[in-house]
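Descriptive structure summary
Chain by chain, the residues:
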Amino acid sequence: MKIEVWSDYACPFCYIGEKRLEKALAEVANDNIDIEFKSFELDPMASSEVVSDTVTRFAVKYGLSKEDAAKRIEQISLMGRREGIDFKYATTRYTNTFDSLRLTKLAQEGGHNEIITKLFDAYFTKNLELSNHHVLKKIAVECGLDENEVDELLKSDKYAEEVRNDEREAATLGIHGVPYFVVGGKYGLSGAQPVEVLKQAINEALTDEVETKLNGMTCGADGCHFEG
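This text gives an overview of the structure that appears in the document. (Residues numbered from 1 in each chain as written. Predicted model: local features only at pLDDT ≥ 70, side-chain atom pairs only at ≥ 80, totals over all residues. Heavy atoms only, no water.)

**Some words on the sheet that holds strand β2 (residues 34-39)**
Sheet strands line up and pair through hydrogen bonds in the backbone, either parallel or antiparallel. As summarised here, the arrangement of the 4 strands in space is β2-β1-β3-β4, forming an open sheet in which the pairing is mixed. Edge strands, defined here as strands with exactly one partner in the open sheet, are β2 and β4 (187-190). The mean inter-strand angle of the sheet, taken between neighbouring strand axes irrespective of direction, is 20 degrees. Along the sheet, helix α4 (residues 98-109) makes contact with β1 (2-7) and β2, crossing β2 at roughly 155 degrees. (Pairing = 2+ DSSP bridges. Helix = DSSP H or I, 4+ residues; strand = E, 2+ residues; numbered from the N terminus. Axes fitted to C-alpha atoms, helices over the stretch in contact; angles between N-to-C directions. Contact = heavy atoms within 4.5 Å.)

Now the structure itself:
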């Protein structure tokens, strides 16, 4: 079974949601679940350089005073810390995430899914710039990716179309915010859902999948298949 997760590394709730999904999967007795990270840029026009601090940017975006913005950011950070993340949202260095999303495509292709947590951690805990190619390259190599392949990707537009395809698919599905989980191709969950909600959706999708396989007598272009 597949779980698709639309996400962006600059999204605090996406990191929280990723941690909660990890916990839910640890409580589900099934090893045949694949996770596919799908791209969703919160701000495709974001600069490749840091142009403002997080509190100021947050205050402007949501029409808050800097004091209220700082309080809101700390509330979100506390949610992250409750999930075991050393969350440092207030000091993040906001930049464009497009290259990090392209890099994730390369990593997933080779089965290096640990890069997802590493990139979230780089942004929210280490407060690194995800537009910085040196940062991305270091993380990729630590995850076992080939250095030359990573260099080639970062110097080109490789996987750009795959990222755009994810975003077009999100638009088609009516996904306007992230994280967004599609479990087993049938259950759509929006937001950083609690662990129990994610676990229930996963178990229900697995049950449906088993029932489909047990009763799955189908015919196609290559003939009919009887599955028991």
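**Details of the environment of Ile33**
Among the structural elements, Ile33 can be located in the loop between α1 (12-26) and β2. Between the C-alpha atoms of Ile33 and Ala201, which are 168 residues apart in sequence, the distance is 13 Å.

**Points about the packing of aromatic side chains**
Scanning all chains against the criterion turns up 11 aromatic pairs. Look at Tyr9 and Phe120: their rings are 4.9 Å apart centre to centre, the planes differ by 70 degrees, and that puts the pair in the edge-to-face class. Taken together, the residues Tyr9 in the loop between β1 and α1 and Phe120 in helix α5 (residues 115-124) connect sequence positions 111 residues apart. Ring centres of Phe58 and Tyr62 lie 4.6 Å apart, and the angle between their planes is 45 degrees; on these two criteria the pair is classed as tilted. Pair noted here: Phe58 and Tyr62 are both in helix α2 (residues 54-62), with a separation of 4 residues, about one helical turn. Since its relative accessible area comes to 46%, Tyr62 is described here as partly exposed. Here the aromatic residues Tyr9, Tyr15, Phe37, Phe58, Tyr62, Phe87, Tyr89, Phe120, Tyr123 and Phe124 are joined through ring pairs into a cluster of three or more. One residue, Arg57, lies across the ring of Tyr94, its end atom 3.8 Å from the ring centre. (Phe/Tyr/Trp six-rings, centres within 6.5 Å; stacked < 30°, edge-to-face > 60°. Buried < 20%, exposed > 50% of the residue type's maximum accessible area, 1.4 Å probe, protein only. Lys NZ or Arg CZ within 6 Å of the ring centre and 35° of its normal.)

**Some thoughts on α5**
Structural remark: α-helix, 3.6 residues per turn; residues separated by three or four positions point the same way. In terms of burial, α5 is largely enclosed, as 8 of its 10 residues are buried. Residues of α5 that are buried in the fold lie against β1, α1, β2, α2, α4 and α6 (133-142).

**As for a negative patch on the surface**
Together, Glu109, Asp146, Glu149, Glu152 and Glu162 line one region of the surface with negative charge. Position of Glu152 relative to the elements: it lies in helix α7 (residues 147-154). (Patch = residues over 30% accessible without salt bridge, like charges linked within 9 Å, V, L, I, M, F, W, Y side chains within 5 Å. Areas by Shrake-Rupley, 256 points an atom, 1.4 Å probe, with all protein chains shown as cover. Salt bridge = Lys/Arg side-chain N within 4 Å of Asp/Glu carboxyl O. Lys, Arg positive; Asp, Glu negative; His and termini not counted. Charge placed at Lys NZ, Arg CZ, Asp CG, Glu CD.)

**Section: the pairing of strand β3 (residues 180-183)**
Because side chains alternate across β3, one face comprises the buried residues Tyr180 and Val182, and the other comprises Phe181 and Val183, equally buried. Where β1 and β3 come together, 4 bridges link them in antiparallel fashion. Within the sheet, the bridge partner assigned to Ile3 lies in β3 and is Val183. Across 4 bridges, the pairing between β3 and β4 is antiparallel. Bridged to Val183 within β4 is Tyr187.

**Overview of the pattern of salt bridges**
Applying the stated rule across the entire model yields 22 salt bridges. Here Lys38 makes a salt bridge to Glu36, at a shortest N to O gap of 3.9 Å. Of the two residues, Lys38 and Glu36, both sit in the buried class. Across the pair Glu147 and Lys137 runs a salt bridge whose closest N-O atoms are separated by 3.2 Å.

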